[in-house]
Amino acid sequence: MNIKVITRHGPSNYGSLLQSIATIKALENLGHTAKIIDYQRKDERGLSMVLTQLQQKARFSNPLKKLAYILIRYPIEKYAQVKFDKMRKRWLKMTKRISCYESLRDLDADLYMTGSDQVWGPTMNGHYDKAYFLDFVKDGRKKVSYAGSFGKTKFDADTEKAYKEMLSKYDKIAVREDSAVMMMQDWGLSNCVGQVLDPTLLLNKEEWGKILITKNTDDKYRGKKYILLYLIHNYPEHSAYALRFAKAHNMELIRVNPFLHQAHNGGRFICCPDVSEFLALIKNATYMLTDSFHGTCFAINLNVQFVELLPLNATSARNQSILELTNLKNRIVSDYEDYEAITSHPIEYDAVNMILRQERSKSTTILRSLIE
């Protein structure tokens, strides 16, 4: 079957890229041909993206502040964009680039799928995009979603009404978070078949090693003692905790991020490494500290001892969902002066891996049922 998948693969973000790679690989494992629809809005690339971001920041009302923001932010965003464009070209199977909604109607496939990540949340301009609801697909073509995510759990009445209407047109929907299952039930959508694993967890440690972690990148970090810090949100308290944590354990702190703006926040900074090196950094870390959902997924999947620094906003539901599923909610930091309570009780990964195997089997069965 020829399957086209639309997802949030375009941001300069490791989780976005990795979940896209995993989705295509999982579909290929079931015997299908699949590609990511390379849909990247013009207002989410280059200078247009920076200007879109600026519009969402009310505190930058002064013209000089706006100019300063653009001059500082654009080079940072552009550098990451160039690097991630190269990674996508190397590691991800995609269609030709599509920048406008109308051109999506020219695509052809046996089945269309909305993939994972925060596809049903607001885009960079603060509004949802009906493209991620497969609103462009011709009548009669099958529409499904695997591990779709809203990113949050509360929407205004108009958005909720639009969501219910668009989601009701799917043949079947599987979502990533338990909170999304409850929301779909509250909305009376009977086409929701339940919760599934994030695509990155459909592939086990050995599979990721074969398709993405190269020998050169693995050898670079194997046997070294270090603490890896991967933060999506730039909260000062998280960085400060990480520095104290590293000092308490007398280890080097390595900070990895796609963007240069975290370079001066402490630790040895590695800016925007290839996704293969990114996974090797996680795999070989003594401890990993992260607020990232996909950082958490890979720490669990690669059996790394980790500490969870929950995002201080409404997006933490997805982190908590995977921790709940794997019985690892005790990894969440509640006391920012405690550097031993979590590490003195290391994760017993035999039990976690058993849960993952069971859930992987269930999710693969659901994925197969979506596209039959």
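Provided above is the structure to which this section pertains.
Attention in this report is confined to the structure presented alongside it. Bear in mind the structure is a predicted one, so any value in this text is a computation, not a measurement.

**A few points about the pattern of salt bridges**
Logical step 1: Scanning all chains against the criterion turns up 23 salt bridges.
Logical step 2: Where Arg90 meets Asp274, a salt bridge forms, and the shortest distance between an N and an O atom there is 3.9 Å. In this pair, Arg90 is assigned in helix α3 (residues 63–91) and Asp274 in the loop between β9 (268–271) and α9 (275–283), connecting sequence segments 184 residues apart.
Logical step 3: Assessed through its relative accessible area of 55%, Arg90 is described here as exposed.
Logical step 4: Overall, Asp274 belongs to the partly exposed group, its relative accessible area being 22%.
Logical step 5: A cluster of three or more residues bridged by salt bridges with shared partners is formed by Asp117, Arg176, Glu177, Asp198 and Arg318.

**So, the layout of surface pockets**
Over the atoms a probe the size of a water molecule is rolled, and this reveals where empty space is left.
Logical step 1: There is about 170 Å³ of room inside the second largest pocket.
Logical step 2: Elements supplying a minimum of two residues to the lining of the second largest pocket: α1 (14–29) and α3.
Logical step 3: It is α1 that provides the largest number of residues to the lining of the second largest pocket, a total of four residues.
Logical step 4: Of the residues in the lining of the second largest pocket, the class split is six nonpolar, no polar and four charged.

**Overview of empty space enclosed by the protein**
Logical step 1: Counting across every chain of the model gives one cavity of 30 Å³ or more.
Logical step 2: In this structure, the largest cavity spans a volume of roughly 70 Å³.
Logical step 3: Taken together, twelve residues make up the lining of the largest cavity; nearest its centre are Ser149, Gly151, Lys152, Glu177 and Ser179.
Logical step 4: Looking at the lining of the largest cavity, the elements that each hand over two or more residues are α5 (178–186) and α11 (316–325).
Logical step 5: Of all the elements, α5 adds the most residues to the lining of the largest cavity, at three residues.
Logical step 6: Residue composition of the lining of the largest cavity, grouped by class: four nonpolar, five polar and three charged.

**Brief notes about the sheet that holds strand β3 (residues 111–114)**
Logical step 1: Spatially, the six strands line up as an open sheet ordered β2-β1-β3-β4-β5-β6, and their pairing is parallel. Each of the sheet's edge strands pairs with one partner strand only, and the pair in question is β2 (33–36) and β6 (192–195). Along the sheet, successive strands turn relative to each other by an average axial angle of 20°, direction set aside.
Logical step 2: Of the pairings in the sheet, the one linking strand β1 (residues 2–6) to β2 comprises four bridges and is parallel in character. For Val5, the partnering residue across the bridge sits in β2 and is Ile36.
Logical step 3: In this fold helix α12 (residues 349–371) packs onto β1, β3, β4 (142–148), β5 (172–175) and β6, with an angle of close to 160° to the strand it touches most, β4.

Cut-offs applied
- Residues numbered from 1 in each chain as written.
- Predicted model: local features only at pLDDT ≥ 70, side-chain atom pairs only at ≥ 80, totals over all residues.
- Heavy atoms only, no water.
- Salt bridge = Lys/Arg side-chain N within 4 Å of Asp/Glu carboxyl O.
- Helix = DSSP H or I, 4+ residues; strand = E, 2+ residues; numbered from the N terminus.
- Buried < 20%, exposed > 50% of the residue type's maximum accessible area, 1.4 Å probe, protein only.
- 1 Å grid on protein atoms, 1.4 Å probe; cavity = no way out; pocket = protein on both sides within 12 Å on 5 of 7 lines; lining within 4 Å.
- Points joined across faces, edges and corners; volume = space filled by probe spheres on them.
- Nonpolar A, V, L, I, M, F, W, Y, C, P; charged D, E, K, R; others polar.
- Pairing = 2+ DSSP bridges.
- Axes fitted to C-alpha atoms, helices over the stretch in contact; angles between N-to-C directions.
- Contact = heavy atoms within 4.5 Å.

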